[in-house]
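Tertiary structure, described
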Amino acid sequence: MKRFTSIALLLMVSMLLFAACQPAAIPEVSTPGAVSASVTPAEQPNEKPATAVAAPATQDELTANLWQWTALTETSPASQSVVPDPQNYTIAFADDNTLAIKADCNQVAGSYTLDGASLTIQLGPATMAFCGEQSMDRQYLGLLGQVSGAIISETGDLHLLLADNAGAMAFTPYNSLGIRPQDISLDTQGLPYSWQPVVVPETPYDASMPPGPVGLPEHIEILFGVTDPADRQPGDPIMYIIPVNAYRAQWDAAGNPSVSKTIDAIEQLAYALPSPAPTSGMPALPSEQVTGYNDLAVQVGRAVPANELNLISSAQTGYRFVGRWMQDANPVTNQGLRYVYQGFTNDGQYLVSFWYPVTTSALPDEAGQLSQQEMDAFNGDPMGTIAASADALNALAPSDWEPDLDTLDALVASLEISGVPAAGLQDVTWLWTEGPSQPGSKDIVAIPDPAAYQVTYNADGTINFTADCNSGGMSYELRQAGMAGGMLAQPGPVTLAACGPASYSQSFINSLMAAQNYKVRAGGGTMELVLPAGGGSLIMMTAEAFAAMPPAVAPAPPAPEATATKAPAATVIPIPPTNTPVPPTATPEPTATAQPVMQFSANPTTVEAGQCTTLAWNVQNVQAVWVYPQGANYADYPVTGQGVQVHCIDTTTTYEMRVQLSDGSTQTQQVTVTVNPGNPLAGTGWSLNSFEPGRVPLPNTTITLAFDDSGAVSGNSGCNSYSGNYTVNGTSLSIGPLISTQMACEPDVMDQEQLYLSALQGAASFDLPGGQLVIFDAGGQEILRYNGG
């Protein structure tokens, strides 16, 4: 959340002539930074008069809408302030005089009394989540407690008047889309079209429309060359901005899961494109643009480069291709070819779908321009001919298309929507709902009280978090933005209270430090905070998404606290401090006899190359602690008294814990994590050279040994074939038990076989000197020697 920006206005108390029932409407103020979407004067919206006749609100008018808070007018000093996130601060008046209030991440119940020109609001039970340092939830609720009247302006806006002529809160009917046309900015890159965004009402789900069902929730369409959706012709360029959750809900309610499945498919490709890219069957929405099967998809790639930090584009996560949709097989021509972009806004809340007709001189314009020979080739092998066309089109450069594909990519990348963050994890308070009990652990736990573990990544590069009884801050640097990206956190101040044995406080703090990637899911309600390789992911949810989970999944919310006694309308009703972190319990000062506690370990202490180990420590009654790779500058690695870290390593590494005791002296402890060199025996084969030093196999017998890469050993023991299992750990070797065939041979050959198999199953270690394999028993004595091959 961003704090709203104050804009000084010459607004006098006399403008609020509520007593005369003829007050002036609150002047309209544009959101700072909002960009007009129109591109010609004729397309500008009609300006509203600076004043408008208003009248006291009736109950029917109050209950007609869900209202969102947009501005605050204050009279001393005279100023007006704009709320940057109106959809996060709403109020609903019910016919039974009850209220439902959304105050950022909290929900509040209440009641109201409307008596002619007088309106009073009584606040009731409320959730008490911490919505972030920048949240306006407390101010919003405090102002509602001061309301003394309400007026409806001629434009239909609601103004709640504050007691003692202190000012007014301005509300507009809630916009379910969350964004407005005037919030959108676009650069058409010199293409021969003007552009115009418009809000399009819901078109209900309809399965009767050939070739398949259609239906869209309320959404925004960016039109090119026209200003009214009714004037747009099939095949004209268009960009859709569709709310994901509403789109899913509309089709799911009709019993058709295809939109949800397609959104899931788009999401997966938006995160990672396969290589090689498919040449058909690319998922795309809306269904209004899909008139058959996608039998051709070429030039698959990114419109916004995924390996560059982009802080401008609002729709960075997605893919583009050139394709067509057909109901039967047809030769590939320019007819019906379109540039298609499918992706999401950075916060995951909106599907962004862009369609623009393209052509290339490498293709005829229509099938009638093909020669008879080309038609015969197509009719003889339609799919093969289309595949060959795809290969040829994939070989073209972006500039071989009209328009240039790079130009269309730049148009998509230029999309800016006011209020959409550069990175999907930003400006949202996330609750930890599920994840490893500690970084790197295979133990996945459901967090019993997600509201106790919250984090907000602010757009200014700071992090605020609550971890059970602890709280603190960090900083972070974005490495890649969009709906899925990367960042690097740096430590900051944090309280160090002991929250109890059942707490995940330290694990949560360490995970926030370790996480280097994030992935916001389509819809915007869920995020994966990805730990380094092998460390797993923390599943985070917004408070709204978590509250919407089925009761069987979501823990029951805590019982609401007792409400405050009703107060006169002019008095602010006390509200619990919802945006203050839970204060940590005080840590007792160590007594003179308190002994230092120092525990330091690694688990596991032996790993394969690239695998991870978890360092854990518990240090008490000391001044400071550092944990670092031996040889590094310890001052760069300060840690708290209890914690865990995940390290994924390729070479054997010794870690050191340095502790500064209460008297200023220092002590160190080390733990070494050994990286196995791998399995040098895997995939090798050997021929026995000798038993014990000096004894060779009998003439005319060949004894062999082979190791595969799955832990199986096999060979011939001179008469019979044998097989079994083996394990290698460094130079340690274990073989057996072995099984063999039951052929009968000469007695001396059978005796040799028995001796060999017995010796082989006594293997304890090995060496590989000069192209030979030497096996030793547990006492270190050589028992078998083999030649390679």
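Residues numbered from 1 in each chain as written. Predicted model: local features only at pLDDT ≥ 70, side-chain atom pairs only at ≥ 80, totals over all residues. Heavy atoms only, no water.

Tallying each qualifying case throughout the model produces seven salt bridges. Across the pair D264 and R248 runs a salt bridge whose closest N-O atoms are separated by 3.0 Å. Of this pair, D264 sits in helix α4 (residues 258–271) while R248 sits in helix α3 (residues 244–253), and the two are 16 residues apart along the sequence. Residue R248 is classed as buried on the basis of its relative accessible area of 16%. Between R324 and D295 there is a salt bridge, and its shortest N-O distance comes to 3.0 Å. Linking R324 in strand β19 (residues 317–326) with D295 in strand β18 (residues 293–301), this pair joins segments that are 29 residues apart in sequence. Like D295, R324 is buried. (Salt bridge = Lys/Arg side-chain N within 4 Å of Asp/Glu carboxyl O. Helix = DSSP H or I, 4+ residues; strand = E, 2+ residues; numbered from the N terminus. Buried < 20%, exposed > 50% of the residue type's maximum accessible area, 1.4 Å probe, protein only.)

Note: most residues except glycine have negative phi, and most peptide bonds are trans. Residue P403 is bonded to the preceding E402 through a cis peptide linkage, with omega at -5 degrees. Checked against the element boundaries, P403 lands in the loop between β23 (401–402) and α7 (405–413). A cis amide bond links G736 to the next residue, P737, at an omega of 0 degrees. Note that P737 resides in strand β46 (residues 732–740). Non-glycine residue D164 carries a positive phi angle of around 60 degrees. Take D164: it is sitting in the loop between β10 (158–162) and β11 (167–173). Of the residues examined, D164 reaches a relative accessible area of 69% and is grouped as exposed. Residue N700 is not a glycine yet carries a positive backbone phi of 65 degrees. By relative accessible area, N700 is classed as exposed at 85%.

The five strands lie next to each other as β35-β41-β40-β37-β38, forming an open sheet whose pairing is mixed. Each edge of the open sheet is held by one strand with a lone partner, namely β35 (606–608) and β38 (638–639). Pairing of strand β37 (residues 624–629) with strand β40 (residues 653–660) involves six bridges; the strand directions are antiparallel. Across the sheet, residue V627 finds its bridge partner in β40, namely M657. (Pairing = 2+ DSSP bridges.)

Attention now goes to the sheet that holds β18. Taking strand neighbours across the sheet as the criterion, the seven strands line up as β13-β16-β17-β21-β20-β19-β18 in an open arrangement whose pairing is antiparallel. Pairing within the sheet leaves two strands with one partner each, and these edge strands are β13 (195–200) and β18. Adjacent strand axes in the sheet meet at a mean angle of 20 degrees when their direction is disregarded. In the sheet, β19 pairs with strand β20 (residues 338–344) via seven bridges, with the strands oriented antiparallel. The residue bridging Y319 from the neighbouring strand is Q342, located in β20. (Axes fitted to C-alpha atoms, helices over the stretch in contact; angles between N-to-C directions.)

Before going further, it helps to spend a moment on empty space enclosed by the protein. For the structure shown, the criterion picks out two cavities of 30 Å³ or more. In this structure, the second largest cavity occupies an estimated 30 Å³ of space. Taken together, D347, Q349, G424, V428, W430, V520 and G524 form the lining of the second largest cavity. For the lining of the second largest cavity, the per-class residue count stands at three nonpolar, three polar and one charged. (1 Å grid on protein atoms, 1.4 Å probe; cavity = no way out; pocket = protein on both sides within 12 Å on 5 of 7 lines; lining within 4 Å. Points joined across faces, edges and corners; volume = space filled by probe spheres on them. Nonpolar A, V, L, I, M, F, W, Y, C, P; charged D, E, K, R; others polar.)

Assignment of secondary structure puts C612 in strand β36 (residues 612–620). The class for C612 is partly exposed, based on a relative accessible area of 21%. Each C-alpha atom, one on C612 and one on C648, is 3.9 Å from the other, the two residues being 36 residues apart in sequence.

Any functional reading would require information that these geometric values do not contain.
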